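Chain by chain, the residues run as shown.
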Amino acid sequence: MNFIDVALIPLLKIGVIVFGFAMLIGSMLTLAERKQSAYIQRRKGPNRAYLFRKDLRLNGLFHLIADGLKMLLKEDFVPHGANRKLHLLAPMLGLMPAMVIFAIVPFMDYACTGAMAAPIAGKDYCFPEELGALANAPLAELSNPLFNADLNHWFQVANIHSGLLYIFAVTGLAVYGSAIAGWASNSKFSLLGGLRASAQMISYEVSMGLSLAGILMIYGTLDVNELVREQGELLFGFLPQWGIVLQPLAFFLFLTASIAESKRAPFDMPEAESELVAGYFTEYSAMKFAVFSLGEFVTVVFIAAIVSTLFLGGWQVPWLYADGFHFTAASMPSAVAAQQLTVEAAQSALTANTNFAPDIALPYWLVVALRIGGFVTKVLLMCFLQLQFRWTVPRFRYDQIMHLGWKILLPLSIANLLITALVILLV
Amino acid sequence: MAAQTVTLERQKRGFWVQTYLPEIFKGMGVTLKHFFGAIAKPSENIVTVSYPEEQRPYPARYRGRHRLMVREDGQVRCVACMCCSTICPANCIHIEAAEHDDPSVEKYPETFVIDQLRCIVCGLCVEACPCDAIRMDTGVHCSPFIAEDTDDFNALEGELRARERAFYARDLLMEAGDHSRAVQGGRRSF
Amino acid sequence: MPKCKINGKSITVERGTTIIQAAAELGFDIPHFCYHPGLSVPANCRMCLVEVKGARKLLPACYTQVSDKMEVQTDSERVVQSRRAVLEFILVNHPVDCPICDQAGECKLQDYYMDYDTQESRLRTPKVSKVKVYPIGPEVVYDGERCILCTRCVRFCDEITGTNELTVVERGDRSEIRTFPGRELDNNYSMCTVDLCPVGALTSRDFRFKCRVWLLKSTDSICAGCSRGCSIHMEQHRSEVQRYRPRYNPEINDYWMCDAGRLSYKELHRDRMLKPLINGAAYTWPQVAEKGAALLRESIDALGEEGADKVGFVFSPQSSCEGLYMARRFAEEALGCTRHYVGGRPHGDQDDFLIQRDKNPNRNGLLLQFPRGQRPQPFEQLLADMESGQIKILYMMGSEVPVEGAQAERFRELLRELDLFVLQAPRGDGLDELARVILPASTHAEQRGTYINCDGVAQQTREAFKPLGSSLPDWQIAMKLAARLGAPLTTTFIAKLQEEMWEAMKANAQPAPEAPEAETTEADDDAPEEAAAP
């Protein structure tokens, strides 16, 4: 463990993932939302900002800079009687959980530096070049790929074994930002907004957690990357067993609950502008306000990332494995076979036997690129879907939100859990 | 005829409507259609008019330009009663009255300025005028910008100049006006 | 004490009360043109005719006295018909040139027409044309066609001023108001006829065509033209006073005011200093308070131990009691100054009606700020003290000086020799060129303030519009500077300040109860509004 391994690479990962991915997409979403809503409403949307030349407008792209500059230059206003420290703390607490969550989002499987990785029953394995003592070990023992993967080969800031719990832990923190903002502003609108936010987020966290329990039971792991790897297996020999395929109901439940968690329309009661001005951030201006709205958009990205990871196969591209495309399960060793194979036998079988050759062979770097690209595409698609959703569905009434959360989503997720358990028990 | 009462049945919401999901998908379908329609064929599907580069054509009978009517001898008909500037919801009419040499005219507007850009073209000034001295006729207000390719353009003071240009003074307003035969004090004449 | 019934409501009134007065007391407004509570009653307009039970004809309400068991109907069908007829008759030859007419908006003929007539003229013959824009006096213009011959103006000149300039000439529909040959309407109160005129026949040359009356915003205030301090309506449009109108106050001016006072509103906007300056450079108030205070402190210290004794403070009787109270505390507590002088305008003409010799509105208020025996010295003493070099620093409120000619010139020369000259005034009047520190004060139109007139009646002015430019009321300036000089005057709200001020003034008036100032304590602040008048 040297300095590069311990500090530099993790920092680089944080920089790229949080600032180059989450924050970048988040800030682009501020413009995307305005543009998308404009197109939905048959308008042009913002397109006046220009740089250098009056006709250099790039269809409004510079509004990103203009908005940012505006926020920077505005007066930072703290209302009379506000708790100044908490008032300052709240936006940070609002943004922080949304950013921290990206620590466990896997952008790719761990990078294989050993021998050619090959899929066994839909999961890639990476063997060291020198098999050594491993050679006679049964393959089943190696199902956890950590044993030889270097920490820095993870396309993930932190490979936490209980990543799923980490998600719940951090989303639970998000409520503090809005609750404290509502309390610290010394304004009745803010306070009402803060209270609504707390109630709503706590309510929906329950069904959000329960809807994921099914996923957990099926794949049998809390490790987020392992969850994605499991989704690469082929159901009935041809269908990738993504979360959405195995748990369609849970997908809708989780999506609904997490949109409610992000406090965006149609669940934007905490900031319902027609009744609460702007809810818990009524009394915020300048960068503090910007941080709140950035937090909201980063939350959109994070929801997109989590939903893609858990239900849409994460970095999996359908039928793409480490050595190329396998369109049927027949072209790779089955799980049953893997139970009896030693590592050496498996390797030789994979490399020698043309039965297990990929349908379309691809170089490993291209697979990596495709997988990262696939994940980013899924995230963007989910972001788009969330924005579209926000501009389609009208806002719920507050009692309807509570009704939906406690009386519909919660029973449904419990039912989903029971049925899943029953099916697993029987099958 | 006595009023009739019609009892309308409240529309029943079926199971699928109540589940909300199909309706959401329908709604998403509508918005997606609009979204992709706007992207695919912006010229057809986007209705925004990018003022001032583009301008919506005004109807032929649009009356958007003020004019001050004149008397038979070519003098301004306005008696500076300030009714128009009082009624003006945009506060865009500025009048300074002065004593006229002719005691039968008595009062006339020494300055009469309409801020064309502030005017909201409501026509209340025409309604309010007791002397048929102001009318609105065919034409439109001036542009809020000075086009870049004209000699008038100056990047630094461009907008200021455009602003000044919008102040239509008495003589300019009178150029467009002509003689009115209306008799002061009502429709009847002696 | 006759008891009568008007429109079914009973009222008991003094003997000799007319129906119009009794009705006003009950809240019934009887339309009238020629009647005015301040003038005699000719009953010539016939607009106020009312129905009295038992009388065969309608009776003029302005002239008929209430008798016992009288039953009056002021709005019966017959009465309304009669009003309609009267209005039609008056309008036969009226030019109906309301758009041009200055009275439009406050014209009784217009109002009553809308209330009772609202019909087109049935006249088919040309209207009689009469004199237009006739200069009946230096301040008043007469329009014969608009005149309804109510003779209020004639009676005013007969009864109030006693100058008898006006009369009615010609007969029938050719009647007009004219001056007697060789005379013109040039008495000191001539513009009151403009107020009296119920239509636009008499218009003020000054206000003519300046502003439509419906745009004016009216504030109760006082005239600062002389120490009479007439109650007025101060009428402004867009922060510029357009005219003064007398406000009924039986204790001071009744319904009237003089022409000079009426035109004194021009002083409010003349030559105003709008920015605080030090050595010619403009500053914000916090800056100028700091720098000004430092300058004062340095200059006083530079004069040695007896420095404070060489500071002169000129109080202006133009300022309000609040301003003077704070200024005195500022002078004594912050500057330690004991040499107090009185400034203000020099004396002028006077008459036996309203115009006072003393042209300053608040001399009594100024004197009351000081205990007896410590009252400020006259301005001549200041000149003498400056001449002898006893004063090196002068803080002057108000730019008016009560000396004229050579003495005023001498004063300007002496100002040049001072170490420091601070001027706190609304106007420069040439003194601003000599002052190192200029503190722009606001006039009485822009602040709340108390003024005590020559008879010891205290009146409150209200804020007609916000202080112009960066100017501030005198009391706020004193507070700002005092805080920087380390002697903060604690008052922050004007109501609190006024409480303190009255306490101090009561105490100062105490030792000499027979002094006329003593009655200021009982004088009511809000003079009653014109009650019986329309």
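Given the structure is predicted, the values throughout are model-derived calculations rather than measurements.

(A) A look at the overall build of chain C. The helix and strand inventory of chain C stands at 13 helices and 21 strands. The buried share of chain C, taken over its 534 residues, is 57%. Considering only contacts within chain C whose residues lie at least 6 apart along the sequence, 67% involve residues at least 24 apart. Roughly 22400 Å² of accessible area belongs to chain C as shown, and the carbon and sulfur atoms make up 49% of that amount.

(B) Fine view of the overall build of chain A. When you go through chain A residue by residue, the secondary structure sums to 14 helices and 7 strands. Of all intrachain contacts in chain A linking residues separated by at least 6 positions in sequence, the fraction that spans at least 24 positions is 80%. For chain A, the accessible surface area stands at approximately 18800 Å², while carbon and sulfur atoms represent 70% of it.

(C) Spatial organisation of the pattern of salt bridges. Under the counting rule described, the total for this entry stands at 51 salt bridges over all chains. One salt bridge in this structure joins C:Arg208 and B:Glu106, with 2.9 Å as the shortest N-O distance. One end of the pair, C:Arg208, is in the loop between strand 9 (202–204) and strand 10 (217–222); the other, B:Glu106, is in the loop between strand 2 (93–99) and strand 3 (107–115), on a second chain. Take C:Arg208 and B:Glu106: they sit in the same class, and that class is buried. Of the charged contacts in the structure, one is a salt bridge between B:Asp171 and B:Arg170, with a shortest N-O distance of 3.4 Å.

(D) Focus on the interface of chain A and chain B. The interface of chain A with chain B comprises 20 residues on the first partner and 22 residues on the second. When the two sides are added together, the surface that chain A and chain B hide from each other amounts to roughly 1800 Å², 65% of it contributed by carbon and sulfur. When residues of chain A are sorted by the area they lose upon contact with chain B, A:Tyr39, A:Arg42 and A:Lys44 head the list and together hold 36% of the total. Run the count over chain A and chain B and you get 0 salt bridges. Across the chain A-chain B interface, the total number found is 6 residue pairs in polar contact (both at pLDDT 80 or more). Within the residue set of the side of chain A that touches chain B, elements represented by two or more residues are helix 1 (3–40) and helix 13 (364–390) of chain A.

(E) A look at the packing of helix 5 (residues 188–219) of chain A against helix 8 (residues 248–261) of chain A. All names here are of chain A. Their axes nearest at 9 Å, the elements helix 5 and helix 8 cross at an angle of 155°. Considered as vectors, helix 5 and helix 8 are oriented roughly antiparallel to each other. Both helix 5 and helix 8 take part in a crossing whose hand is left-handed. In this structure, helix 5 uses Gln 200, Met 201, Tyr 204, Glu 205, Ser 207, Met 208, Ser 211 and Leu 212 to contact helix 8, whose residues at the interface are Ala 250, Leu 253, Phe 254, Ala 257, Ser 258, Ala 260 and Glu 261. Class assignment for the residues of the contact of helix 5 with helix 8 results in 9 nonpolar, 4 polar and 2 charged.

(F) Layout of the interface of chain B and chain C. Listed by partner, the interface residues are 19 residues for chain B and 18 residues for chain C. Where chain B abuts chain C, roughly 1600 Å² becomes buried across the two surfaces, and 54% of that area is made up of carbon and sulfur atoms. Summed over the shared surface of chain B and chain C, the number is 4 salt bridges. The partner of B:Glu106 in a salt bridge is C:Arg146, with the nearest N and O atoms 3.5 Å apart. The interface formed by chain B and chain C holds 5 residue pairs in polar contact (both at pLDDT 80 or more) in total.

(G) A look at the sheet that holds strand 3 (residues 49–52) of chain C. Residue and element names in this part refer to chain C. On the basis of which strands lie adjacent, the open sheet formed by 5 strands has the order 2-1-5-3-4 and mixed pairing. At either margin of the open sheet sits one strand with a lone partner, and together these are strand 2 (9–12) and strand 4 (59–60). Summarising the sheet, strand 1 (residues 3–6) and strand 5 (residues 71–73) pair through 2 bridges and their orientation is parallel. Bridging across to strand 5, Ile 6 finds its partner in Val 72. In the packing of helix 1 (residues 19–26) onto the sheet, the strands contacted are strand 1, strand 2, strand 3 and strand 5, and the crossing angle to strand 2 comes to about 115°.

(H) Structural detail: the packing of helix 8 of chain A against helix 14 (residues 398–426) of chain A. All names here are of chain A. The N-to-C vectors of helix 8 and helix 14 enclose an angle of 150°; their axes lie 10 Å apart at closest approach. It follows that helix 8 is roughly antiparallel to helix 14 by the angle criterion. Crossing handedness for the pair helix 8 and helix 14: left-handed. Here helix 8 contributes Leu 249, Ala 250, Leu 253, Thr 256 and Ala 257 to the contact with helix 14, which in turn contributes Leu 404, Leu 409, Leu 412, Ser 413 and Asn 416.

(I) Just unusual backbone geometry, in detail. Positive phi values are uncommon outside glycine, yet B:Asn91 reaches one of about 55°. Secondary-structure assignment places B:Asn91 in the loop between helix 4 (83–87) and strand 2. The phi angle at C:Asn7 is positive, at roughly 50°, despite the residue not being glycine. Relative to the helices and strands, C:Asn7 resides in the loop between strand 1 and strand 2.

(J) Here's a closer look at the pairing of strand 11 (residues 231–237) of chain C. Residues and elements named next belong to chain C. Of all 7 residues in strand 11, 7 are buried, a share of seventy percent or more. Residues Ser 231, His 233, Glu 235 and His 237 line one face of strand 11 and the alternating positions Ile 232, Met 234 and Gln 236 line the opposite face, and both faces are buried. Pairing geometry for strand 10 and strand 11, over 6 bridges, is antiparallel. Counted as the bridge partner of Lys 217 is Gln 236 from strand 11. Relative to strand 12 (residues 240–246), strand 11 runs antiparallel, the two sharing 6 bridges. If you follow His 237 over to strand 12, its bridge partner there is Glu 240. Counted along the chain from strand 11 to the antiparallel partner strand 12, the turn is 2 residues long, and its residue Arg 238 has a positive phi close to 50°.

(K) Just the nonpolar core, in detail. Ranked by internal contacts, the top residues of the largest apolar core, which has 66 residues, are A:Phe102 and A:Val298. Ranked by residue count, the leading element in this core is helix 10 (residues 286–311) of chain A, at 13 residues. Sequence-distant contacts of A:Phe102, defined by excluding residues within four places in its chain, comprise A:Ile17, A:Phe21, A:Ala22, A:Val157, A:Val298, A:Val301, A:Phe302 and A:Ala305. Membership of the second largest hydrophobic core comes to 54 residues, among which are C:Ile90, C:Val154, C:Tyr189 and C:Trp256.

(L) Structural context of a negative patch on the surface. On the surface, B:Glu72, B:Asp73, B:Asp101 and B:Asp102 cluster together to form a negatively charged patch. Along the chain, B:Asp101 falls in the loop between strand 2 and strand 3.

(M) Just the sheet that holds strand 11 of chain C, in detail. Residues and elements named next belong to chain C. Strand order across the open sheet formed by 3 strands is 10-11-12, with antiparallel pairing between neighbours. The sheet is open, and its two borders are formed by strand 10 and strand 12, each paired with just one other strand. On average, adjacent strands in this sheet sit at an angle of 30° to one another, irrespective of strand direction.

(N) Spotlight on the side chain of C:Asn249. Considering the arrangement of structural elements, one finds C:Asn249 in the loop between strand 12 and helix 6 (259–262). Separated by 2.8 Å, the side chains of C:Asn249 and C:Ser231 make a polar contact.

(O) Expanded view of a nonpolar patch on the surface. Residues and elements named next belong to chain A. On the surface, Leu 24, Met 28, Phe 52, Leu 56, Leu 58 and Leu 61 cluster together into a nonpolar patch covering about 610 Å² of accessible area. In this fold, Phe 52 is placed in the loop between helix 1 and helix 2 (63–73). Residue class for Phe 52 comes out exposed when judged on its relative accessible area of 78%.

(P) Local environment of the side chain of C:His32. Residues and elements named next belong to chain C. With respect to the secondary-structure elements, His 32 resides in the loop between helix 1 and strand 3. Within the local environment of His 32, its side chain forms a polar contact with the backbone oxygen of Ile 30, the two atoms lying 2.8 Å apart. A polar contact of 3.2 Å, which involves the side chain of His 32, links it to the side chain of Lys 108.

(Q) Geometry of the packing of aromatic side chains. Residue and element names in this part refer to chain A. Evaluation of the coordinates by the stated rule reveals 33 aromatic pairs over all chains. Measuring from centroid to centroid gives 5.7 Å for Phe 254 and Phe 311, while their planes differ by 40°, and the two rings are tilted. Highlighted residues: Phe 254 in helix 8 and Phe 311 in helix 10, separated in sequence by 57 residues. Overall, Phe 254 belongs to the buried group, its relative accessible area being 2%.

What counts, and where the lines are drawn
Positions within a chain are numbered from 1, following the residues in the order the chain's sequence is written. The naming scheme follows written order: chains are lettered A onward, ligands numbered 1 onward. Where totals are concerned, whole chains, interfaces and linings use all residues; where local detail is concerned, this predicted model gives features only for residues with pLDDT of at least 70, and gives and counts side-chain atom pairs only at 80 or more. Values reported for side chains reflect all heavy atoms of the structure, with hydrogen atoms and water molecules removed beforehand. Per the convention used, a helix needs a DSSP run of H or I reaching at least four residues, while a strand needs a run of E reaching at least two, with both numbered from the N terminus. Exposure classes here rest on a 1.4 Å probe applied to the protein chains alone. A residue is buried below 20% of its type maximum, exposed above 50%, and partly exposed in between. Two residues qualify as a contact provided that any one of their heavy atoms is within 4.5 Å of a heavy atom in the partner residue. Residue-level accessible areas treat just the shown protein chains as cover; the underlying method is Shrake-Rupley with a 1.4 Å probe. Any carboxyl oxygen of Asp or Glu within 4 Å of a side-chain nitrogen of Lys or Arg constitutes a salt bridge here. Note on terms: buried area is the combined drop in 1.4 Å-probe accessible area of two parts once they are placed together, counting the loss on both. Whenever a nitrogen or oxygen atom comes within 3.5 Å of another N or O atom, the pair is scored as a polar contact, on the condition that within protein one atom can donate a hydrogen and the other can accept it, and that pairs from neighbouring residues in sequence are kept only if both atoms are in side chains. A fitted line through C-alpha atoms represents every axis, and for helices the fit uses only the stretch in contact; the resulting angles, taken between N-to-C directions, go from 0 to 180 degrees. Here the word oblique covers every angle except those under 35 degrees (roughly parallel), over 145 (roughly antiparallel) and from 65 to 115 (roughly perpendicular). In a left-handed crossing the near helix is turned counterclockwise from the far helix by less than a right angle, and in a right-handed crossing that turn is clockwise. Under the scheme applied here, ten amino acids are nonpolar (Ala, Val, Leu, Ile, Met, Phe, Trp, Tyr, Cys and Pro), four are charged (Asp, Glu, Lys and Arg), and all others, including Gly, are polar. For two strands to be treated as a pair, DSSP must find at least two bridges joining them. Buried Ala, Val, Leu, Ile, Met, Phe, Trp, Tyr and Cys residues form a nonpolar core when they are joined through side-chain atoms within 4.5 Å. Nonpolar side chains (Val, Leu, Ile, Met, Phe, Trp, Tyr) are joined into patches within 5 Å and like charges within 9 Å, using only residues with over 30% relative accessible area and no salt bridge. We count Lys and Arg on the positive side and Asp and Glu on the negative side, and we leave His and both chain ends out. Throughout, a charge is located at the NZ atom of Lys, the CZ atom of Arg, the CG atom of Asp or the CD atom of Glu. In summary, the pairing rule links any two rings of Phe, Tyr or Trp, Trp by its six-membered ring, whose centres are within 6.5 Å, and it sorts them by plane angle into stacked for under 30 degrees, edge-to-face for over 60 and tilted for everything else.

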